[in-house]
Structure formats: structure tokens, C-alpha cells
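Inside the fold
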Amino acid sequence: MAVVSWKEILLLTGLVVGCFWNSLSCGFVFDDVSAILDNKDLRPSTPLRNLFLNDFWGTPMSEERSHKSYRPLTVLTFRMNYLFSELNAASYHLLNLVLHAVVCVLFLRVCRLFLDKTSSLVAALLFAVHPIHTEAVTGVVGRAELLSSIFLLAAFLAYTKSTGVDRSIVWAPIALTVVLVAAATLCKEQGITVVGICCIHEVFVAQGFTLPSLLETLRQVLQGKGWFPYAVLQTLMKLIVLTISTLLLVIIRVQVIQSQLPVFTRFDNPAAVSPTPTRQMTFNYLLPVNAWLLLNPSELCCDWTMGTIPLVESLLDLRNMTTLLFYTCLALLAHHSLCYRHGSAKTVVMALSLIVLPFIPASNLFFPVGFVVAERVLYVPSMGFCVLFAHGFKIISQKGQLKRISWLILGVLLTTHAVKTFNRNWDWESEYTLFTSALKVNKNNAKLWNNVGHALEGQNNYGEALQYFLQATRVQPDDIGAHMNVGRTYKNLNRSKEAEEAYLVAKSLMPQVIPGKKYATRVAPNHLNVYINLANLIRANESRLEEADQLYRQAISMRPDFKQAYISSRGELLLKMNKLTEARDAYLHALELDRSNADLWYNLAIVNIEMKDPSEALKNFNHALELNSRHKLALFNSALLMQESGEPKFWPEANRRFLAYVEEEPDDANGYFNLGMLAMDANENPAAERWMRKAISLQAGFRSALFNLALLYSQSKRETEALPVLDELLRHHPQHIKGLILKGDILMNHKKETSGAKACFQRILDIDPTNVQGKHNLCVVYFEERDLLRAERCLEETLTMAPHEEYVRRHLSIVRGKIAAMNAAGQPLTSTEGASLAAAEAKAARAQEQAESQEEGRGADAGGQDRDKKNVRKSSAESGGVGVDPSESLGSSPSDKRTKGKSNKEIKDIEEKRAAALKRLEEIERILSGD
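Remember, predicted model here, so these are calculated numbers, not experimental data.

It is worth spelling out the overall build of the protein at this point. Tallying secondary structure elements over the protein gives 40 helices and zero strands in all. Counting over 931 residues, the protein shows a buried share of 53%. Counting contacts in the protein only where the partners sit at least 6 residues apart, residues at least 24 apart contribute 67% of the total.

UniProt records the feature "repeat: TPR" (unreviewed entry) for residues 446–479, 564–597 and 598–631 in the present numbering. The straight-line gap between the two end C-alpha atoms of residues 446–479 is 8 Å; of that span, 79% is helix and 0% is strand. In residues 598–631, helix accounts for 79% and strand for 0%; the two terminal C-alpha atoms are 8 Å from one another.

Time to look at the UniProt feature "transmembrane region" (unreviewed entry) in the protein. Per the UniProt annotation, the sites labelled "transmembrane region" (unreviewed entry) are residues 90–111, 140–159, 168–186, 192–215, 227–252 and 347–371. Measuring from the first to the last C-alpha atom of residues 140–159 gives 30 Å, for a span that is 85% helix and 0% strand. Its end C-alpha atoms 27 Å apart, residues 192–215 is made of 75% helix and 0% strand.

Quick look at the packing of helix α3 (residues 72–85) against helix α8 (residues 171–187) now. Where α3 contacts α8, the axes come no closer than 5 Å and their chain directions differ by 70 degrees. Judged by the inter-axis angle, α3 sits roughly perpendicular to α8. Taking contact as the criterion, the partners of Pro72, Leu73 and Thr74 in α3 are, on α8, Ala183, Leu186 and Cys187. A breakdown of the residues in the contact of α3 with α8 according to their chemical character gives five nonpolar, one polar and no charged.

Under the definition given, this model contains 30 salt bridges. Salt-bridge contacts for Lys238 lead to Glu202; the nearest nitrogen and oxygen are separated by 3.0 Å. Taken together, the residues span a long stretch of sequence, with Lys238 in helix α11 (residues 230–256) and Glu202 in helix α9 (residues 194–206) at a distance of 36 residues. The buried category is assigned to Lys238, whose relative accessible area is 2%. Close ionic contact of Arg816 with Glu796 constitutes a salt bridge, the shortest N to O distance being 2.6 Å. Here Glu796 lies in helix α37 (residues 788–801) and Arg816 lies in helix α38 (residues 806–824), a separation of 20 residues in the sequence. For Arg816, a relative accessible area of 38% corresponds to the partly exposed category. Given the relative accessible area of 30%, Glu796 is considered partly exposed.

What counts, and at which threshold
- Residues numbered from 1 in each chain as written.
- Predicted model: local features only at pLDDT ≥ 70, side-chain atom pairs only at ≥ 80, totals over all residues.
- Heavy atoms only, no water.
- Helix = DSSP H or I, 4+ residues; strand = E, 2+ residues; numbered from the N terminus.
- Buried < 20%, exposed > 50% of the residue type's maximum accessible area, 1.4 Å probe, protein only.
- Contact = heavy atoms within 4.5 Å.
- UniProt positions renumbered as here; feature names shortened; annotations may be inferred.
- Axes fitted to C-alpha atoms, helices over the stretch in contact; angles between N-to-C directions.
- Parallel < 35°, antiparallel > 145°, perpendicular 65-115°, else oblique.
- Nonpolar A, V, L, I, M, F, W, Y, C, P; charged D, E, K, R; others polar.
- Salt bridge = Lys/Arg side-chain N within 4 Å of Asp/Glu carboxyl O.

Spelled out as C-alpha cells, the structure:
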């Protein structure tokens, strides 16, 4: 009977929810980080076809570092999760829980084919609560097992309908089976093993053959005493179709991985690189280890690599007895199931097929895999285990004296398993809880010590993290990664000497290059990071730049395709050494290896900026954005480049990119500031004011934003609103000369507060006694105060400071003429014209400020902060972008105004405004001369 009732569905679903509901509070841990957080294939911006070109972790299948795990349908479900909830972990865990419930219901339906109603329900209940499934259900990457199992069971159920009531072949279910097998394989590789399960069911269950009867039929055919019965021919035809379909899937799978097996290190699977017979004895010993996890899942561990299970190196090792006992039990079960026709034999043969066949790809017996033991790969084999348990329970419970005891034992078992599963889920709450729980089971795995250290490092707890990393080096002294972790943590603790020593130890463990000979050893790319990390550490010392470059070149010589050496390391060093051509060539070579890497295009654009080639830089920024439309640095710096070009045609796109940038980085004041500068360029004053205000709200004391906002108010004839902004600017930056000049201008010209203006200009001279503009404006204040003699002395001093400034010489001549005229008239040396001179002079100064306002603050950094912290060093420090404060150009002498990057029209406008300023100075002369 194959029908499953609604009550049974609700029972299984309720049990699954009861055991796994707390998984919804777990985050992304362990392999989830690579498969979800770091996997660009989940993002909507990534073309959908990339799912079928990359492996499970988002790495192109053609790359050597790829794990060759081809599971596009599983990744597609991750992408659907991302579409609905982005990186909300709860939604991913919820879908896993639902999928596990679906598997349980399908498994119950399959069990009904060869178990009675009660026994099949017992098998399904045990499967629903078994603690070994925690990794497959609570770990998000375990979805590959869940999806593959759904299609595997569905394929098997479809195949069981391929025989008609008259024993004829029904081809539609077989065709459906092939499709479902392909789907199972595209979820996880073990899905293809369902073909073997179908074959065993066809031969030993559906047709009722036994191994002796098959051998006898074959013997008679070979001796010419008969031919295959019609039932056998029908079976062969169905099996041939399944076999051909399977071979096609295998061929396609081999083509996808380009006939290359993945590369694993000896730390991932020590037995895989061990000699004979150690390799064989260890791999065979792993079979009873996995069986014990199904029988007694009391000590579960998320990582069984490295030294978790010591190698079996001797025939006298007592663990070989465990292996022998396992094979003995397996042989007895196989003999019982293959040599008899009764119902018990059919149940056992199906249980064995579910245990053995899906486990073969992960067994290491035929080809090495990247782990020693992995609990999640026992998800499908546990189905066979549950069938065996339920069948044994049926036999025992039928004995009168054991019936009550057997039901009591079953209740206790289901309860303890459910509690164990529920508690085990909490271990997956975070990486720290997961790896510390694993260390309780096994303290001989350096990877676990490293991972706890990484979790603490993520919490900025470097001191405690260092202790775990050091323990990892003690557990596994030849673990290169552990020594690299120690070095990195010492660096974070500002202990550079100890960091360099740790990196040198890691470097000494790397295979040594023999000069003049081809380097043939295959090196894990992550181990090459020891050269990168060591070079990054020592290049902080300017005298060791060449030594750092030698380390980069050594890494590249070992792996010419090691892109990390180009992306963020050697190219930057060459820029620092001012070797621009070599830096450009390095990035061009890296692009030959990977033209789809947005960071490479971005870094090449930075080199173009350093080489004064902005048009090429913009092209390369655009390449980076074509590959990654949300590349934050490319958005910001390409927009900055467009803004600095001075070409109005670029302003709309620059505005769009800055808006995209602030969407990605809503707390970065620089994005809003540059939006404000663009709005000022376009004379959109309300928008400019809004953006400047936003920048200031995010970055208190943002110097350039405060000054430009005050300048905006001044230009808009809102001088009274400019004063509070200038006060805030000068409170944070009391030595901001241009702010003092603007404040003094407003106080003198608009507020008529000569004392306040005088204080501003005197403050400027206290800061910089050689400041001509401050000194000249102070002279104007003296004139305003009718102190002509002091004004004369002041202008004489100003002329001494700037002997080539003609306007100072003219003003001095005017004042002297005024003094002479007043002396001749017998008048006291005061002037009613002081206000006229002051007003005209202030207008002239403001005209200059307006002309120069176009120069102010382009790409200025909030508060002048060090943008290296955001990796904008590549774009700004030498390119006139972020990290400089061009506001310092305002108010300098007209002869040295900065017009770099301006259009001809803007330059002409500036010159016209300066001419107007000089015209106002001439008006001053006429006023005084006329008096």
C-alpha cells in the first residue's frame, strides 16, 4: 500500500517543525558563508547563465580552484531566496525545514512499497528526527541534499510505475524517471545513484529474481540450453535505457568539469595523499565510522578533516577489526537479501541499496573527495538505515514478550533523538558556537581551532583569537594557514615583528622554487597568500619596497594565474613606487587571465588616472560597472572623474552614479557632498543646500561641506544664514583661513561690524603672517575706522609682502593722496569715504570668491579624513579626488588660481568675474580721487 494519509503528513510535518523550528534563529555559518554571502551568483545583477557555468560556490568550473561541484538548481533556489529576502538567514532556514518535511513524506510513500503501514511510519518518524540530519537541514548548504533527495525519491516512485498490469513496459514513467534523475544530479552529484536503486528494485523486487536464479539462467544461456525468458528481456530493455541515460549524464558531467578532478590539500583529506596500504585501510575504516554515526549520533562534529581521524598505518591497528566486522555484517545482509525470495529479503535489499549506492560517491573508495567524513552526505543513506531499523522493529515487536518493550524502546529512541536534534540546532546559531561545540568532540583538528579564532577575530577579539591560532599551530605544526592566521592577528595587534616571524615560518613550509627549473608542484592559491601578506606587511617600510615586490613576483612565478597578486597587491606597490607603466602592464596581464573581474578593471582605471589619462580611466571604470553595477568604488570615482572633467554633458550620469553610491553607502558623507557640488555647478541651489546639509548631518565638522554651504548662502545673498554655518566651521576648524575671510567680508560689508571683521582678519595673520589677502582686508578695516595713517602703514607692509600686486600699490597711492589732500585742507585724518572703500573692496573680494567658488571642495574628504580606510586610496590621493581639500585655493592671489580640469567656458567666466573685481577696484580709485 503506497497511500499516505493526511494525518500522517500532518504528524511528520509537526514533528519536523518541532525538531527544527529553532534553526530559524541560526545565521549563515561555515560553508554557508562561501555559498551564500560570498556567492555573486545569488545577486540579481549576475546573469542567470552564470549559474550553469560556475560551481556551487560561484567559482568558474574552468578554474583550478573550483571544487567541481556542479549544482545549478540548488543555487537557483538560493537566488530565489535572495530575490525575496536578500540575506535574511531565517528565510533560507525556513525553506530547508519545508524541504525536509517534503522528503519525510516522500520517504514514507517509498517505504510503503516494501514495508507495512506501521513499519513504514516508524521508518519515516525516525528519519524525521534523526540528529545526523542537523547539518543537512540547519546548515543552509545542506539544501543540496534535500533537493537531490526529493528528486531521487520522486524518480524512484516514477520508475515503480513503469510496469503495466499485464507486465508490459510503460515508457512514460521511464522518461519521467530520466528527467527526474537529471534534476537530482543538478542538485547534487549523488542524485545519479538513483538509477542503481531502480535497477536493483527492478531485478530483485519487481521481477523477484535472486542472485542464484540469475546465475543459473546465465549458465544455461551460455551452454546453449535455452534463452533468456521474456521477463528477463523486458528487464534488460528497461535497464539498458536507464544505463544509456546514465552514461549520457556522466559524459555531460565530465564535460562540465572539463575532465579535471578538483584539487584538495592533504589537510582536507590526509588519507588521499597517503601511500598504500595506509590509504586503503583508512578509507575502509571510514565506513564503520559512518555506520556508527547512524547508530549512535551522540558526538557530532561539523568538520572531520585534518587530524580528526588518525590514519590507519599498520595491519596490526585494532581499528582494522572494526572494518572487518563491518564488512562481515554487510556480507551477511547482502547474502540474506540476494539469495532468498521472501518479503524480508526484498526489504533488506532495498535498504542496502539506499545505504550503499548513494554513499559511494562520498566514500573515497573510487576517487578522493574533499573531506574525511561529512554528516550531511549521510542524509540519503540514513533512509536505508531507517528502513533496516523499522524492519527489525517489526520482527521484534511481533514476538509477544518483546512487543511492549520494543514500543517503549522506540518511544525513548524517538524522544532522545528529537531532543538531541533540537539541542544540536543551537550549535549552528553562529560560527563561534558551532566550532566550539566541535572542539568538545575533537581537539586534534587544527582547522577547528583556526575557525574558532576566525569567529573571535570577526568580533575584533584579537587577543583571544591569537590563542586559538597558536593552539592550531601546536596541533598541526605544518599547517601553513594556521601560521598565516597567527601573523595576521599579530599585525592586527600592531606587533609587526612577531607578525613577520609568523609569516616567515609559513613561508618556510611552502615548496621551494628551484631556479632554472619549471615549478611543477600544484600549490593551493590560498597558501600563496603568505607571500602577499608578508609583502603587505613589510612594504609599510619605504626602504623595503623592492623586497616586497620580490615576494609578489615569487608568488606569481609559482602560480602565474594567481590573480590576487595583481588585484590588490603588486599593482598597488608599483603605484607606490611610481612605476606606473609596470603597474598598468601587471593589471593588463591579470585581465588576460580573467576579464570578468571588476576589481581588475577598477584598479587599471586608477593607474590610468595616475598616468593622466582620464578618458581611458573612465572607459575602464565603465568596464568594471558593466561587470558589477554596484561596485561602490567604481561608482564613486567614475562620478568624481566626470565631475572634475568640467563637462556639463557628464553631469547627469555623474549625478546618477553618486545617487547609486549613496544607496550602497548611505552613511558616507562624501557621496552627498559631491552631489551638492554637482548641484552647485548646475545652479540648482535648493538641491545643493539639501545635499550639503545631509553631508554635514552625517559628518559633524565636515570642513568642505560647511564652507561650500556658507559660500552658497553668500552667493545667494543670504549672508545672515551663512554666518551660523561659518561659526560651526570655525568651531571645528578654527584655522580655516578662507572661512575667516568670508566671515570677515560678511561682517564688514553686510553686518557693518568692523570689530568682528577686524578680529577675523587679525586671526588670519596670527595663523599666517604672510597672508596677503588677510593683511589687505585688515588695511580696509583701518580705512573703514578712519585711521588713515594706520591704513597707510598696513598697506606699505602689504606691498612689502606682495610687491608685484598692482592693486595694493594703487590702494596705497590712493590712501596717501587722501592723506595729502586732507592735510592740505587742514582736515583731521579721518575719512567719510571709508565706508565706500570698504564696501567696494568687499564687493571686489566677493567677486573673486564667486569666481573661485567653482574651484572649491572638488571631491573633498569629510573632515580631511584618511580615505585609505575605504580603499579609495586608489582613486584619490594623487588624482585630485578624495583626500584633498581644494577649498584652500579660495582667496589666494588671482595669479595662482587653480583652473585644472575646467572647460574653456568656465575659465572664461572666471576671468570675466575677476575683471569685474578689478573694475570695482577702479571705482574705488575714482571715488577717492574725486574726493
